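A structural walkthrough
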Amino acid sequence: MDILRLLTTGAKFRGDRKFKHDHDVVDGKSSSSHAEISALSSDIKKELDFFHDRPSPVNISAKAKKDKASKKRKIEDDSGEGTHEAYLHDTHEQDHKVLRISAQDLRKINRIKVTGSDPPDPISSFSDLLSRYAVKPFLKQNLQKHNFSTPTPVQMQAIPILLEGRDLMTCAPTGTGKTLAFLVPLLQELMGHKKVGYRAVILSPTRELAKQVMNTASVNLTLKIHNEIKWLSEGRNFKICMLTKATASTQAHDPTARANYDIIVSTPLRLVHELKQGHIKLDSVRHFIFDEADKLFELSFLEQIDEILAACTCQKLQKAMFSATLPSEVERMAKTLMKDPIRVIIGTKDAATNTVEQSIVYTGTEEGKLTAIRQLISSGGIQPPVLIFVQSIDRAKALFTELVYDGINVDVIHGERTKAQRDAVIERFQSGEIWVLICSEILARGIDFKGVAKVINYDCPQTVQSYVHRIGRTGRAGRSGEAVTFVTKADSEHLRSIANVMKQSGCKVSNWMLKLPKPSKNTKKKLKKRPVTREIISTVPKVLQEARAHKKYI
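Keep in mind that this is a model prediction, so the values were computed, not measured. (Residues numbered from 1 in each chain as written. Predicted model: local features only at pLDDT ≥ 70, side-chain atom pairs only at ≥ 80, totals over all residues. Heavy atoms only, no water.)

**Concerning the pattern of salt bridges**
How we decide: Any carboxyl oxygen of Asp or Glu that lies within 4 Å of a side-chain nitrogen of Lys or Arg is treated as forming a salt bridge with it. Note on conventions: DSSP H or I runs of at least 4 residues are helices, E runs of at least 2 residues are strands, and numbering of each starts at the N terminus. Whether a residue is buried, partly exposed or exposed follows from its accessible area with a 1.4 Å probe, protein chains only, as a fraction of its type maximum: under 20%, in between, or over 50%, in that order.
Evaluation of the coordinates by the stated rule reveals 21 salt bridges. For E274, the salt bridge goes to R270, with nearest N and O atoms at 3.8 Å. Of the two residues, E274 and R270 are both situated in helix 12 (residues 268-277); the distance of 4 residues between them amounts to about one turn of the helix. With a relative accessible area of 3%, E274 lands in the buried category. Judged by its relative accessible area of 22%, R270 falls in the partly exposed class. A salt bridge links K369 to E366, with the shortest nitrogen-to-oxygen separation between them at 3.3 Å. Of the two residues, K369 and E366 are both situated in helix 16 (residues 366-378); the distance of 3 residues between them amounts to about one turn of the helix. Residue K369 shares its accessibility class with E366, and that shared class is buried.

Right, here's the structure in full:
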């Protein structure tokens, strides 16, 4: 009965006559003394210890005190720092639980949202890469040389995911280090130069951005730079091909030249053209990076993307996409191309960085925009370098014509200018020779100009994605910036969407903007396809403009 009492602790029995005796035993009403039951309980436990591996109560108590003292010393030594690494060397189940909580806390602090099956824990410093992934010494040395010690939130989570061979979709604000987030794992996986052909593709929507990706690789991770061949590290002679007409011509005349490169950086159209000509083969590619993926997955690029991916015949092709915005339709298309991808969102999806002070200026009419920008110039509100965005090439030319005589060093860049002209303008802007640069959407994505103080949206962007990318040219790498958007009556349908982005970024927004009617999906599609019809940028009276047009027609 004493054995029954011990084994049925916590059970309940009906108090009827049939089980009355058993009920009394379980409730402790039997005649057995407490001492006898305790002794019998000890004997039973010994008998149940078949393998003699149960620790004694004394040993358990001593071990608990020892663990408690060790944990207390650990907390005192850390002094509140390094919470993510506080239990890295512990092996008990409880310590592993603490590690998981610390990873969750690290994501929460840095506003990292991760969805997908079994995502790896983020890193808290670049030194974590050495212990967790045995990162090559040349990467460590170059990171230290260029003062990279603490990763940005997107680097914390994206680097471990890519190092573990997973497909990745990443959405992070502009200027947060997305390029480095895919370059570090890419170079780690490639290890060194091999004459087997291209092993990685980095695809960018514009030539300027593709060139910057190449330059970023050389600035951050190499010791020697050459026009076409980038030495990414000392003793690790990685070779990068920036696909242009010149490099394509070289590979066409010398088919063996393609085996001399490890990474190809290109725009979709140029790469598709070379694939069709048979000048390039991508059968050895194992890593595919979509930079500014939201633009690459637009309808105008989709057919080209399909052709490029079809040329990558390797079964173990890892794909990763990075962008400041991630529209739902882009995300759906990306999932069809990827295998069990992990989705990483830094901050709020499709939101601007909080380092940019955003404001909206209502100008009423197109003439009011010119008045407003000239007031900024006269009052000292434009501190160079400044970027001004307009919606078309014609409007970029017209605004340049108006401002070129206003006493500021201004120039213009757009798609109709030649490659040499665009490169010269960008170089002069970076050197400080040009104070104000007027540009169309060509520079709205990914281009990193150091120290841009202000972005002016002379023409209101037609989509939230365009707005985020435009103002993302300032406030990069933790620096502060300012963005001003001019709006007229014709921009009322765009205003609420932009106001919501400003609110999510912590900027002050008037309530009347948030109460404007929400545009329907069909309206958004129409606005995206067809720009707002605007009047010509000119201070010449309308009567004289019509007279000149009539005279020219005659």
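**Let's talk about a positive patch on the surface**
Put simply, the rule reads: Put simply, a patch holds well-exposed residues, over 30% relative accessible area, that have no salt bridge, with like charges counted together within 9 Å and Val, Leu, Ile, Met, Phe, Trp or Tyr side chains within 5 Å. What sets the accessible areas is the Shrake-Rupley method with a 1.4 Å probe; for residues, cover comes only from the shown protein chains. Charged-residue counts in this description rest on Lys and Arg as positive and Asp and Glu as negative, His and the chain ends being excluded. Charge coordinates come from a single atom per side chain, which is NZ of Lys, CZ of Arg, CG of Asp or CD of Glu.
A cluster of basic residues, R332, K518, K521, K524, K525 and K529, forms a positive patch at the surface. Here the positive patch takes 4 residues from helix 22 (residues 521-529), the largest share from any one element. Structurally, the position occupied by K529 is in helix 22.

**With respect to the sheet that holds strand 3 (residues 200-203)**
Selection rule: The pairing criterion for strands is at least two bridges between them, as found by DSSP. Working convention: axes come from line fits to C-alpha atoms, limited for helices to the stretch in contact. Angles between N-to-C directions cover 0 to 180 degrees. By definition, residues are in contact when any of their heavy atoms lie within 4.5 Å.
The 8 strands are arranged 1-10-2-9-8-3-7-6 in an open sheet whose pairing can be described as mixed. The open sheet has two edge strands with one neighbour each: strand 1 (112-115) and strand 6 (240-242). Averaged over all adjacent pairs, the angle separating strand axes in this sheet is 15 degrees, with direction ignored. Across 4 bridges, the pairing between strand 2 (residues 168-171) and strand 10 (residues 342-346) is parallel. By the bridge assignment for strand 10, C171 is matched with I345. Across the sheet, helix 12 is in contact with strand 3 and strand 7 (263-266); its angle to strand 7 comes to roughly 120 degrees.

**Here's the deal with helix 15 (residues 328-337)**
Test applied: Our arc is simply the arc of the directions from the helix axis toward the C-beta atoms.
Those residues of helix 15 that sit buried are V330, E331 and A334. Taken end-on, helix 15 shows its buried residues confined to a sector of 100 degrees, consistent with a single buried face. In helix 15, the exposed positions angled more than 90 degrees off the buried face are occupied by R332 and T336. In this structure, the buried side of helix 15 is in contact with strand 2, helix 13 (293-296), strand 9 (318-323) and strand 10.

**Examining the pairing of strand 12 (residues 386-389)**
Across the two faces of strand 12 the burial is the same, with V386 and I388 and L387 and F389 all buried. Pairing between strand 12 and strand 15 (residues 454-457): 4 bridges, direction parallel. Each bridged residue has a counterpart across the sheet, and for F389 the counterpart in strand 15 is N457.

**Looking at the pairing of strand 16 (residues 481-488)**
When you tally the buried positions in strand 16, you get 7 out of 8 residues, the bulk of the element. With 8 bridges joining them, strand 11 (residues 356-364) and strand 16 adopt parallel strand pairing. Directly across from I360, in strand 16, lies its bridge partner T485. Here 4 bridges tie strand 15 to strand 16, and the two strands are oriented parallel to one another. When the bridges of strand 16 are listed, N457 appears paired with T485.

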